[in-house]
Amino acid sequence: MSKKAAMLNGLFCSILFSVVFTFEAGLLQGHIDWPTIPVQILFGTVVGFVICTVIPCAHWGEQLGAKFAKPGSILFKIIMFSTLLLVMLTLMCPIITIFVVCVLNKAPFAAIASIPALYGTFIPFFVTGVLLLLVVGDAIMALAIKCAKE
């Protein structure tokens, strides 16, 4: 896959995860803050895209998956997606939480109190992300390759 296709794949995945995780976080908290949804989705997309562009976590996932399974197999995909999501969520959970608490909710001191709970959404997001990528990951990659005109 070319660099352009890889970047498009990262962008498409960032958009998908941002939308899904924003609503999932709201459901996990017991309420969805509708007025801030567009900003949360946009911010999540930008942060996710920057992370996947700067850190080669998809490449790491491919390498790790190839050590334990045949490329293209379900086990390979689970290992690859798990690696990708571990890196992404480890960075995104605190960044997004601090942004939402400090900027959108205008409560900077509450961000300090929320530090222990930063990773409360990690496991639900991880499970959702792996399942989502198993279902639509190949289609997203095919779309990225098509848009890159490879």
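Every residue gets a number counted from 1 within its own chain, in the order that chain's sequence is written. Only residues with pLDDT of at least 70 get local features here, since the model is predicted, and only at 80 or more are side-chain atom pairs given and counted; chain-wide, interface and lining totals rely on the full set of residues. Remark: hydrogens and water are excluded; side-chain values derive from all non-hydrogen atoms of the structure.

In DSSP terms, a helix is any run of H or I states spanning at least four residues, a strand is any run of E spanning at least two, and both are numbered starting from the N terminus. Check the secondary structure of the protein and you find six helices and zero strands. Listed by position from the N terminus, the elements making up the protein come as α-α-α-α-α-α. Restricting the calculation to C-alpha atoms gives the radius of gyration, and the globule rule supplies 2.2 Å times the number of residues raised to the power 0.38. Its C-alpha radius of gyration of 16 Å places the protein within 12% of the 15 Å reference for a compact globule of 150 residues. Principal-axis analysis of the C-alpha atoms places the extent of the protein at approximately 45 × 30 × 25 Å. The cut-offs for exposure are 20% and 50% of the maximum accessible area for each residue type, with area from a 1.4 Å probe on protein chains only; residues under the lower value are buried, those over the upper are exposed, and the others partly exposed. In the protein, which comprises 150 residues, the proportion classed as buried is 39%. We call two residues contacting when some pair of their heavy atoms lies within 4.5 Å. By sequence separation, contacts in the protein at least 24 residues apart represent 75% of the contacts at least 6 residues apart. Per-residue and other accessible areas were derived by the Shrake-Rupley procedure at a 1.4 Å probe size, with only the shown protein chains allowed to occlude residues. A total accessible area of about 8500 Å² is found for the protein, and carbon and sulfur atoms account for 76% of it.

Attention shifts here to the environment of I112. Tracing the backbone through its elements, the reader meets I112 in helix α5 (residues 108-114). Residues I112 and C102 lie 10 residues apart in sequence; the distance between their C-alpha atoms is 9.6 Å.

Once that is clear, we can look at the confidence of the model for the protein. pLDDT runs from 0 to 100 and stands for how confident the predictor is about each residue. Across the protein, the average pLDDT comes to 90, with 97% of residues at 70 or higher. The least confident element of the protein is α5, whose mean pLDDT is 72; the most confident is helix α6 (residues 122-147), at 95.

Nonpolar core, defined: a set of buried Ala, Val, Leu, Ile, Met, Phe, Trp, Tyr and Cys residues in which side-chain atoms within 4.5 Å join the residues together. The biggest cluster of nonpolar side chains holds 24 residues, and the ones touching the most others in it are F17, L85, M88, L89 and L133. Listing elements by their share of this core, those giving two or more residues are α1 (3-29), α2 (37-54), α4 (74-104) and α6. Among the elements that make up this core, the one with the highest residue count is α4 (10 residues). The contacts of L85, once residues within four sequence positions are left out, are F17, T90, F126, G129, V130 and L133.

Moving on, we get to a nonpolar patch on the surface. Residues enter a patch when their relative accessible area is above 30% and they make no salt bridge; the linking distance is 9 Å between like charges and 5 Å between nonpolar side chains (Val, Leu, Ile, Met, Phe, Trp, Tyr). Note on definitions: salt bridges are taken to be side-chain nitrogens of Lys or Arg within 4 Å of carboxyl oxygens of Asp or Glu. On the surface, a nonpolar cluster with roughly 650 Å² of combined accessible area is contributed by I74, I78, I123, V127, L131, L134 and V135. Secondary-structure elements contributing two or more residues to the nonpolar patch are α4 and α6. Here the nonpolar patch takes five residues from α6, the largest share from any one element. Assignment of secondary structure puts V127 in helix α6. Overall, V127 belongs to the partly exposed group, its relative accessible area being 43%.

With that out of the way, let us pick up the environment of W34. Mapped onto the elements, W34 comes out in the loop between α1 and α2. Judged by relative accessible area, which is 54%, W34 ranks as exposed. As a C-alpha pair, W34 and F23 span 11 residues in sequence and 9.6 Å in three-dimensional space.

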